[in-house]
2 protein chains.
Amino acid sequence: VADIYTEDAKLLGSHAPAIVGKKNIGMAIGSLIKAGITQVGLKTIEVWGTDEILTEEGELSLATRDGKQIEKGKYVVIWKKADGHWKILRDFSNSDLPLPSGK
Amino acid sequence: VADIYTEDAKLLGSHAPAIVGKKNIGMAIGSLIKAGITQVGLKTIEVWGTDEILTEEGELSLATRDGKQIEKGKYVVIWKKADGHWKILRDFSNSDLPLPSGK
């Protein structure tokens, strides 16, 4: 799954520091899958860039295997063409959902 | 303050849907200032793009007037050159800090 990321990619999720490198990103994605989060919905909103670097804005949703939505949010992905293939250099996301009522 | 944003800009913060348009973004920034959040620290990490569109990755911190840090996070800003000036088209951010322990 992590092969879509460059070796030096960063996964820039919410409520955690950046996860750096394809290997670490692969482990993070593996944890999601093990937690039963196997349905990913992605919708591209807009794209800017060149034939070497693209920035994509979109909307995302995550759901469990049985269809329970656990996340709805936004993403920005920076794509880089490496060896003729588009790979993800930065994968940035946040949530549209309110913060849990911690206090 | 909002003049750095394009008319059709989007402020894509965490735990809320996108805030669309310079006027609405200006009101959102005004609310932060009224809440006493007046210190903004920004550090550019990397920039990609052309002389018309740039994507910037960085780190941010927000603090109150008296220096209390209330946010530490990451951002991606998409800059567009409009009428000879660089303006913000997308302002995307999330937090490095853990979620409040809601449950």
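See the structure above.
Since the structure is predicted, the reported quantities are computational estimates derived from the model, not experimental observations. (Residues numbered from 1 in each chain as written. Chains lettered and ligands numbered in written order. Predicted model: local features only at pLDDT ≥ 70, side-chain atom pairs only at ≥ 80, totals over all residues. Heavy atoms only, no water.)

**Student:** Could you clarify how one ought to interpret the environment of A:Lys81 in this entry?
**Tutor:** All names here are of chain A. With respect to the helices, strands and loops of the structure, Lys-81 is situated in strand β5 (residues 69-82). Separated by 47 residues in sequence, Lys-81 and Lys-34 have C-alpha atoms that sit 30 Å apart. Residues contacting Lys-81, with those up to four places away along its chain left out, are Asp-51, Glu-52 and Trp-86. (Helix = DSSP H or I, 4+ residues; strand = E, 2+ residues; numbered from the N terminus. Contact = heavy atoms within 4.5 Å.)

**Student:** Looking at this model, I keep getting lost on a nonpolar patch on the surface. Mind explaining?
**Tutor:** Side chains of A:Val1, A:Leu32 and A:Ile33 sit close together on the surface and give an oily, nonpolar patch of about 290 Å² of accessible area. Turning to its location among the elements, A:Val1 is positioned in the segment before β1 (5-12). (Patch = residues over 30% accessible without salt bridge, like charges linked within 9 Å, V, L, I, M, F, W, Y side chains within 5 Å. Areas by Shrake-Rupley, 256 points an atom, 1.4 Å probe, with all protein chains shown as cover. Salt bridge = Lys/Arg side-chain N within 4 Å of Asp/Glu carboxyl O.)

**Student:** What am I meant to see in helix α1 (residues 22-34) of chain B here?
**Tutor:** Residues and elements named next belong to chain B. Counted at 1.5 Å a residue, the expected span for α1 with its 13 residues is 18 Å, and the 18 Å between its end C-alpha atoms agrees. Those residues of α1 lying buried are Lys-22, Ile-25 and Ile-29. Axial view of α1: buried residues confined to an arc of 65°, hence all on one face. Residues Lys-23 and Lys-34 are exposed on α1 and point more than 90 degrees away from its buried face. (Expected span 1.5 Å × (residues − 1). Buried < 20%, exposed > 50% of the residue type's maximum accessible area, 1.4 Å probe, protein only. Arc of directions from axis to C-beta.)

**Student:** Hey, could you run me through the relation of the copies chain B and chain A in this one?
**Tutor:** Note on the chain copies: they are related by a rotation about an axis and a translation along it. In the superposition of chain B on chain A (RMSD 0.0 Å, axial shift 0.0 Å), the rotation amounts to 180°. In short, the pair behaves as if placed about a two-fold rotation axis. The share of interface residues of chain B whose copies in chain A are also at the interface is 100%, consistent with both copies meeting through the same surface. (Least-squares fit on C-alpha atoms with pLDDT ≥ 70 in both.)

**Student:** Would you mind going over the pattern of salt bridges with me for this structure?
**Tutor:** Close approach of charged atoms allows side chains with opposite charge to pair. Residues and elements named next belong to chain A. Inspection of the entire model under this criterion finds 14 salt bridges over all chains. Notably, a salt bridge pairs Asp-96 with Lys-72, separated by 3.3 Å at the nearest N-O pair. With Asp-96 in the segment after β6 (85-95) and Lys-72 in strand β5, this pair connects stretches of sequence that are 24 residues apart. The exposure class of Asp-96 is buried, given its relative accessible area of 14%.

**Student:** When you look at the interface of chain B and chain A in this model, what are you seeing that I'm missing?
**Tutor:** The parts lose accessible area when they come together, and the size of an interface is often stated as this lost area. If you look at the interface, chain B gives 32 residues, while chain A gives 32 residues. When chain B packs against chain A, the two sides together hide about 2,500 Å² of surface, and 65% of this comes from carbon and sulfur. Inspection of the chain B/chain A interface yields 6 salt bridges. Between B:Lys10 and A:Glu57 there is a salt bridge, with the nearest N and O atoms lying 2.9 Å from each other. Counting the contacts that link chain B with chain A gives 24 residue pairs in polar contact (both at pLDDT 80 or more). Residue assignment for the side of chain B that touches chain A shows that the elements contributing at least two residues are β1 (5-12), β3 (37-49), β4 (53-64), β5 (69-82) and β6 (85-95) of chain B. The greatest single-element share of the side of chain B that touches chain A, amounting to 6 residues, is contributed by β6(B). Here the residues of the side of chain B that touches chain A are counted per class, giving 16 nonpolar, 10 polar and 6 charged. (Buried area = accessible area lost by both parts, 1.4 Å probe. Polar contact = N/O pair within 3.5 Å; in protein donor to acceptor, adjacent residues only side chain to side chain. Nonpolar A, V, L, I, M, F, W, Y, C, P; charged D, E, K, R; others polar.)

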